[in-house]
Amino acid sequence: MSGEVRNHSTSLLRTAVVDLKKQTIKLLETAATDAPSPFGVIGLAEELRSIWSKQVPILQVFAGPLTGTGAPGSGSYGFSWRGAQPQEATTTFCEGRLGAMMKHAGIDSIVFFGCANLPVYLNIAEEDMELCDASALRKLGIKELTDSLLFDNDWDDAAVLALAAADETGIAELVADYRFPIGWEGLAAVFAQMNLQGIVVAGAMGLEIKEPEEFVAACVAVYAHKNSGIVDDDRHYKEVATACYLSPWHQNGGVELAEDAAVEDAFTSLDEETLILRLLGLYWDERFPLPDRLAHGARFLTLVSGNSWSGDRLKEAVRQLKRTRPAVLEKGGVGK
Amino acid sequence: MKIISIDATKCTGCGICQVMCSVSKKGKAQPTQARIRLRRQWDIPEHTLIVCQHCADPACSTACLMETIAKSPETGRVEKDLEQCFGCAACSVMCPIGAPVYDSDSAKVVTCDFCGGDPVCVRVCPQSALTYAEPKDLSVNLREKQARRFFKDTGGVGV
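Everything quoted here is computed from the prediction, not taken from an experiment.

The rules behind the values
Residues numbered from 1 in each chain as written. Chains lettered and ligands numbered in written order. Predicted model: local features only at pLDDT ≥ 70, side-chain atom pairs only at ≥ 80, totals over all residues. Heavy atoms only, no water. Core = buried A, V, L, I, M, F, W, Y, C linked by side-chain atoms within 4.5 Å. Buried < 20%, exposed > 50% of the residue type's maximum accessible area, 1.4 Å probe, protein only. Helix = DSSP H or I, 4+ residues; strand = E, 2+ residues; numbered from the N terminus. Pairing = 2+ DSSP bridges. Disulfide = S-S within 2.5 Å. Expected span 1.5 Å × (residues − 1). Contact = heavy atoms within 4.5 Å. Salt bridge = Lys/Arg side-chain N within 4 Å of Asp/Glu carboxyl O. Patch = residues over 30% accessible without salt bridge, like charges linked within 9 Å, V, L, I, M, F, W, Y side chains within 5 Å. Areas by Shrake-Rupley, 256 points an atom, 1.4 Å probe, with all protein chains shown as cover. Lys, Arg positive; Asp, Glu negative; His and termini not counted. Charge placed at Lys NZ, Arg CZ, Asp CG, Glu CD. Axes fitted to C-alpha atoms, helices over the stretch in contact; angles between N-to-C directions.

Student: Now, about the nonpolar core: what can you tell me, with residues and values included?
Tutor: Residue and element names in this part refer to chain A. F39, F215, L279, F300 and L314 are the most contacted members of the largest nonpolar core, which has 46 residues in total. Per element, the largest residue contribution to this core is seven residues, and it comes from helix α5 (residues 212-227). V18, M101, L163 and M194 belong to the second largest nonpolar core, which has 36 residues in total.

Right, dumping it as structure tokens:
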């Protein structure tokens, strides 16, 4: 499968559905043309509706159509979950390598539901997916746990998300790739509730770019603009966020938490433009170095998919998504 | 002859160089197929760059069973006749840093060709950590930079 090239418009959208109670993994495939929006798989595939309406806790990790393509800041991926507390479905986004690596492993989304009897972690090495026993890893610190999770994955550069005790406080925390905290308390609590200790993903599939030359030129233009104001002081760089696909204009030393830190649904807390960009897989905010972020997002989507997209069409798509989403995700919704 | 060099104090390990290399050369985002690679060391963190150095006496040339690799006297670059390559990867094995990459589409082993003199990886690096320059210039720049840092760290007046 390493030689496989995935196409945003024509490839199947793949969702791994993991039943933690029964310890089973099913792969659901949905035609991209059946996806209800340009945002691909986000818990809306018809097959997932019944799961969403019946299961608590439930957690979905999903990547956008531009996640992992190499567009600047194209590491945005999201989590939708519904735990015991609160009961409402919540969606939030973060950035890093996990979403991109899921795409390279041929997976657009992973849905976990139920609670495992013993601690487990999900290990994905391209076509091989397995739930592994994590009982012995339960009380390890972040570094030891990440080392252990990586040890079982044969790939060199796997992306890791680990639920571990933070060194200083001992409080459980979700940490990506050794050093990037994903600090939403509600999300870590759902992992803990499910007995899910971590996710390890690696893969080598290619993501097709329909217009590669123009795509590269568009990326170069963004970076050139960003770099035009850069300061040549190497101590400055050590403070810059350091994970693949992190937005290069973030300078606070880690995964962005400020606006998404509260357990608050991104669909209501984010402005429309930012939400669209997050759903596309672009972790852009007002610091994006060029005017009209949405037009740039639409352009990148056009260059990747080969279909023409505009800001207005994306706005219409996200409004449609907002209208249909509650019926799909909330308890007692369509699938009941 | 210019080469691509990394300033490890600036590199954040984002890997955009790899992704863009694969998009540029193969039309798809596939970092494992890039001709430039980062070996990430998150603990330090200082990341290492693996890319053809166009050595003065290239081991890959010696290793090639088909004698397709040679150092060009005009450009100084290590060049390869890809028509003859059958993908045995002996060059990759013999290379001290393992720079040659097996291209799964063409079934040949390829190396960085500097994109014809304007490398995409250098242009897109968000931290300007990659430089395409003469080795002697890189050496001078590095020494100056370290001297500046030393003076700043020790409270000196700077250079």
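Having seen the model, we can carry on.
Student: Describe the pairing of strand β13 (residues 196-202) of chain A, with residues and values.
Tutor: Residue and element names in this part refer to chain A. Taking burial as the measure, the seven residues of β13 include seven buried ones, the bulk of the element. Two elements, strand β8 (residues 120-125) and β13, share six bridges in a ladder whose sense is parallel. Residue pairing for β13: N123 is matched across the bridge by V200. By the bridge criterion, four bridges tie strand β10 (residues 159-165) to β13 in an arrangement that is antiparallel. From the neighbouring strand, L161 faces β13, where its bridge partner is I199.

Student: Let's hear about the state of the cysteines: which residues, and what values?
Tutor: All names here are of chain B. In this structure the tally under the stated criterion is zero disulfides over all chains. Here C11 is not cross-linked by a disulfide; its sulfur's nearest cysteine counterpart is in C17, at 6.6 Å. The class of C11 is buried, set by a relative accessible area of 11%. The thiol of C52 is not disulfide-bonded; the next cysteine sulfur, from C60, is found 6.2 Å away. Look at C52 and you get buried, because its relative accessible area is 10%.

Student: Just give me the short version of α5 of chain A, but keep the residues and values in it.
Tutor: Because the α-helix completes a turn every 3.6 residues, residues three or four places apart line up on one side. Compared with an ideal rise of 1.5 Å per residue, which puts 16 residues at 22 Å, α5 of chain A spans 22 Å between its outermost C-alpha atoms and is within 8% of the ideal. For α5 of chain A, the set of buried residues is F215, V216, A218, C219, V220, V222, Y223, K226 and N227 of chain A. For α5 of chain A, the elements touching its buried residues are α9 (293-305) of chain A together with α1 (16-26) and α4 (120-124) of chain B.

Student: Residues and numbers for the environment of A63 of chain A, please.
Tutor: Assignment of secondary structure puts A63 of chain A in strand β4 (residues 58-63). Those residues within four positions of A63 of chain A in sequence are excluded, and the remaining contacts are V41, Y77, G99, M102, K103 and D108 of chain A.

Student: Explain the pattern of salt bridges to me, and be specific about the residues and the numbers.
Tutor: Where side chains of opposite charge bring their charged atoms close, a pairing between them can arise. All names here are of chain B. Throughout the structure, instances matching the rule amount to 13 salt bridges over all chains. A salt bridge links D105 to K26; the nearest nitrogen and oxygen atoms lie 2.9 Å apart. Taken as a pair, D105 in the loop between β7 (101-103) and β8 (108-110) and K26 in helix α1 lie far apart in primary sequence, 79 residues in all. According to the relative accessible area criterion, K26 is buried, its value standing at 18%. Look at the salt bridges and you will find they share partners, linking K26, K28, D103 and D105 into a network.

Student: Help me get a handle on a nonpolar patch on the surface, residues and values and all.
Tutor: Among the surface-exposed residues, L65, M66 and F86 of chain B lie close enough to one another that they form a single nonpolar patch of about 330 Å² accessible area. Tracing the backbone through its elements, the reader meets F86 of chain B in the loop between β6 (78-80) and α3 (90-94).

Student: How would you sum up a negative patch on the surface? Please name residues and give values.
Tutor: On the surface, E127, D128, E130, D152 and D154 of chain A cluster together to form a negatively charged patch. Assignment of secondary structure puts E127 of chain A in the loop between β8 and β9 (128-133).

Student: Go over the sheet that holds β4 of chain A, please, and point to the residues and values.
Tutor: Picture the strands of a sheet paired through backbone hydrogen bonds; they go either parallel or antiparallel. Residues and elements named next belong to chain A. If you walk across this open sheet you meet the six strands as β3-β2-β7-β4-β5-β6, and the pairing is mixed. On the outer flanks of this sheet lie β3 (24-31) and β6 (90-95), each paired with one strand and no other. The mean angle between the axes of side-by-side strands here comes to 20°, regardless of whether they run parallel or antiparallel. When strand β5 (residues 76-82) meets β6, the two strands line up antiparallel, connected through six bridges. What sits directly across from Y77, in β6, is C94.

Student: Provide a residue-level description of unusual backbone geometry, including the pertinent values.
Tutor: Of note in the backbone geometry, E126 of chain A takes a positive phi value of approximately 55° without being a glycine. Mapping E126 of chain A onto the fold places it in the loop between β8 and β9. Even without being glycine, C115 of chain B reaches a positive phi, approximately 50°. One can find C115 of chain B in the loop between β8 and α4.

Student: Requested: an account of the sheet that holds strand β1 (residues 5-6) of chain A, with residues and values cited.
Tutor: The strand order across the open sheet formed by three strands is β1(A)-β14(A)-β2(B), and the pairing between neighbours is mixed. Strand pairing shows two members of the sheet lacking a second neighbour, β1 of chain A together with β2 (28-29) of chain B, which therefore form its edges. Here strand β14 (residues 206-208) of chain A pairs with β2 of chain B via two bridges, running antiparallel. What sits directly across from E208 of chain A, in β2 of chain B, is K28 of chain B.

Student: Explain α1 of chain B to me, using residue names and the numbers behind them.
Tutor: For α1 of chain B, a buried count of nine out of 11 residues is recorded, marking the element as mostly surrounded by other parts of the structure. Among all positions of α1 of chain B, only I16, C17, Q18, V19, M20, C21, S22, V23 and K26 of chain B are buried. In the core, the buried residues of α1 of chain B are packed alongside α5 of chain A together with β2, β3 (37-39), β7, α4 and β9 (130-133) of chain B. Following α1 of chain B by one or two positions, G27 of chain B adopts a phi angle in the positive range, close to 75°.

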